[in-house]
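A structural walkthrough
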2 protein chains.
Amino acid sequence: MNHPSDQTTGAQKNSAAAERVTSALSLAIHEHRIAPGTKLGEDEVAEIFSVSRTVVRASLQALAHLQLVEIQRNRGAYVAKPSLREAREVFEARELLEPRTARSAAERAGPEDIDLLKRHITEEHAALDASDQGRALRLSGQFHIAISRIADQTTIAGFIEALIARSSLIIALYWRRESALCEKFAHHDLVDAIADRDGERAEELMRSHLVDLHSALDLDDRPVAPQSLKDALKP
Amino acid sequence: MNHPSDQTTGAQKNSAAAERVTSALSLAIHEHRIAPGTKLGEDEVAEIFSVSRTVVRASLQALAHLQLVEIQRNRGAYVAKPSLREAREVFEARELLEPRTARSAAERAGPEDIDLLKRHITEEHAALDASDQGRALRLSGQFHIAISRIADQTTIAGFIEALIARSSLIIALYWRRESALCEKFAHHDLVDAIADRDGERAEELMRSHLVDLHSALDLDDRPVAPQSLKDALKP
DNA sequence: GGACACATCACTGTATACAATCCTGCATTC
DNA sequence: GAATGCAGGATTGTATACAGTGATGTGTCC
């Protein structure tokens, strides 16, 4: 059985070394150790991981497909900075897909699935207790992915995975300091509903959980980031 | 204004030459000129397009991400052969996403959007009259993509694009000879509903259209393809 | 005659070298 | 002093060469 924080995503497998680089970059982005907008120079990344640019390029392309990085032709790869509009779209899409997925998961979950989810939550708590925000955030995403996997719809699970990856960037950009990270209980209740095989309740819990998350973001129309003024005038 | 059959998909842009190769391969697959399961050797493709393997690899990777081709490590790239289960999942996902998208499209469509859709249909008819099955099929897919673009949800539009790409493979594998290609009228009615700004009707038409499509496929559990016996015994 | 082991071959994986493009800084000019 | 043009450097795009892996076919042994 896999450890809950295993990160073999459903994404397209790259070959050998490329996958290692992709995972490492993806992890760092998910844990907010690389900020949106950061340039990922090929030589730079290549040296860090002791591989050639060929491998790095494959990784960056894979990440670009997940929209975690943006590749500008002849200019290089940058960690993506989702716009307000994109941020809204991502959460709308999640609110469309995930509640239904949670329902399916509740209807299909076996004992080992429940176990997996519970271990997930344990890990989340541990990360929160250790004040490891980055890890907690990543695990929180993994929790959602785990549910979509249990729902046994790999196609939709893949979409959700991509949405959660982008959510991580969105949270990095638009999270309101004021709002607390109240996911602990939300996730716990969700697992309970799934363990009870109560699809209806799982669906509703997931929906409200996502609405909570959404409303904890600052997705109004006015400029948010300090550099947006400069950005707005440049092009 | 763009020509309706323009094919600048929302997918991640590859660099320069790679995009040309990706488009050409994608087109050939969509038009059923390359069968599922066909091997796409790097040298072979490289020579056909007069580029180096580097470029071909980038293209194949991009197509792999759309799940149009499957890359097996150290073994090469093959045009994907979606399983029955995957086929079902793809259509379930479409039935989940597209009706709602059609509703949004109806609510947002401007005159130029209606024009675009009408020109799409004209092209489809032309292809059908010319008995160009492959082109008709591709245009039919493009029609769905156009609607999702009008809905102005680029994130979901991207998902739908990927689903339609795979649908093309699924149709190649599981289409029943008996059932007629009845899309002409379905698409026509849909455009009418969108032109009337009747979201409700558009949603319902899209739903039934997809159900029709789904039921025109042979997605039962028994083996379908003639070579499946051989395949089943080999591994 | 069949099966296994091994060698050969074809192909993919990775690294590196070269070409093209873009950005930066400086000099020149008005 | 500001703006423009140009040159240098840095970075990405592409091609090619080498290394590693899997498949195929042959030969030998039982």
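Please read all numbers here as calculations on a predicted model, not as lab measurements.

Cut-offs applied
Residues numbered from 1 in each chain as written. Chains lettered and ligands numbered in written order. Predicted model: local features only at pLDDT ≥ 70, side-chain atom pairs only at ≥ 80, totals over all residues. Heavy atoms only, no water. Pairing = 2+ DSSP bridges. Helix = DSSP H or I, 4+ residues; strand = E, 2+ residues; numbered from the N terminus. Least-squares fit on C-alpha atoms with pLDDT ≥ 70 in both. Contact = heavy atoms within 4.5 Å. Axes fitted to C-alpha atoms, helices over the stretch in contact; angles between N-to-C directions. Near = heavy atom within 4 Å. Polar contact = N/O pair within 3.5 Å; in protein donor to acceptor, adjacent residues only side chain to side chain. Nonpolar A, V, L, I, M, F, W, Y, C, P; charged D, E, K, R; others polar. Core = buried A, V, L, I, M, F, W, Y, C linked by side-chain atoms within 4.5 Å. Buried < 20%, exposed > 50% of the residue type's maximum accessible area, 1.4 Å probe, protein only. Buried area = accessible area lost by both parts, 1.4 Å probe. Salt bridge = Lys/Arg side-chain N within 4 Å of Asp/Glu carboxyl O.

Residue and element names in this part refer to chain B. With antiparallel pairing, three strands are arranged side by side in an open sheet as β1-β3-β2. Strand pairing shows two members of the sheet lacking a second neighbour, β1 (39-40) and β2 (69-72), which therefore form its edges. With four bridges connecting them, β2 and strand β3 (residues 76-79) associate as antiparallel partners. For Gln72, the partnering residue across the bridge sits in β3 and is Gly76.

Below, the discussion takes up the relation of the copies chain A and chain B. The transform that puts chain A on chain B rotates by 180° and translates by 0.0 Å along the axis, for an RMSD of 0.1 Å. These values place the two chain copies in the arrangement generated by a two-fold rotation axis. The fraction of interface residues of chain A whose copies in chain B are also interface residues reaches 100%, indicating that both copies meet through the same surface.

All names here are of chain A. Read from one edge to the other, the open sheet built from three strands follows the order β1-β3-β2, with strand pairing classed as antiparallel. With one partner strand each, in any of the chains shown, β1 (39-40) and β2 (69-72) form the two edges of the open sheet. One ladder, built from two bridges, connects β1 with strand β3 (residues 76-79); its direction is antiparallel. Bridging from a neighbouring strand, Leu40 pairs with Ala77 of β3. Against the sheet, helix α3 (residues 53-65) contacts β1, β2 and β3, and its axis sits at roughly 115° relative to β2.

So, on to the protein's contact with DNA strand C. The full set close to DNA strand C counts 20 residues, and A:Ala16, A:Ser52, A:Thr54, A:Arg75 and B:Arg57 are the nearest of them. Per the 4 Å cut-off to the protein, sugar and phosphate atoms form 67% of the nearby atoms of DNA strand C. A:Asn74 has a polar side-chain atom sitting 3.5 Å from a sugar or linking oxygen of DNA strand C. The side chain of A:Arg75 places a nitrogen or oxygen atom 2.9 Å from a phosphate oxygen of DNA strand C. Looking at the surface near DNA strand C, the element that brings in the most residues is α3(A), giving three residues. Classifying every residue of the surface near DNA strand C gives four nonpolar, seven polar and nine charged.

Attention now goes to the nonpolar core. If you look at the biggest cluster of nonpolar residues, it comprises 41 residues, and the most contacted ones within it are A:Leu97, B:Leu97 and B:Tyr174. Of all the secondary-structure elements, those providing two or more residues to this core are α4 (84-108), α6 (133-150) and α7 (154-174) of chain A together with α4 (84-108), α6 (133-150) and α7 (154-174) of chain B. Core analysis: the next-biggest nonpolar cluster, separate from the first, contains 26 residues, A:Val51, A:Ala77, A:Ala80 and A:Ala165 among them.

Residues in contact with DNA strand D amount to 19 residues; listed here are only the nearest, A:Arg53, A:Arg57, B:Ala16, B:Ser52 and B:Thr54. Backbone atoms, meaning sugar plus phosphate, form 66% of the atoms of DNA strand D positioned within 4 Å of the protein. Residue A:Asn74 places a main-chain N or O atom 3.4 Å away from a phosphate oxygen belonging to DNA strand D. One of the side-chain N or O atoms of B:Thr54 is found 2.8 Å from a base nitrogen in DNA strand D. The set of elements that each furnish at least two residues to the surface near DNA strand D consists of α2 (42-49) and α3 of chain A together with α3 (53-65) of chain B. The element best represented in the surface near DNA strand D is α3(B), accounting for three residues.

This brings us to the side chain of A:Ser168. Note that A:Ser168 resides in helix α7. Sequence-distant contacts of A:Ser168, defined by excluding residues within four places in its chain, comprise A:Ile29, A:His30, A:His32 and A:Leu137.

Turning our attention to the interface of chain A and chain B. Residue-level contacts link 32 residues of chain A with 33 residues of chain B. Both faces combined, the contact of chain A with chain B buries some 2,800 Å², and carbon together with sulfur accounts for 50% of it. At the junction of chain A and chain B, the tally comes to four salt bridges. Two residues, B:Glu19 and A:Arg73, come together in a salt bridge whose shortest N-O distance is 3.1 Å. Counting across the chain A and chain B interface gives 14 residue pairs in polar contact (both at pLDDT 80 or more). Elements with a minimum of two residues in the side of chain A that touches chain B: α3, α4 and α7 of chain A. For the side of chain A that touches chain B, the element with the most residues is α4(A), which contributes eight residues.

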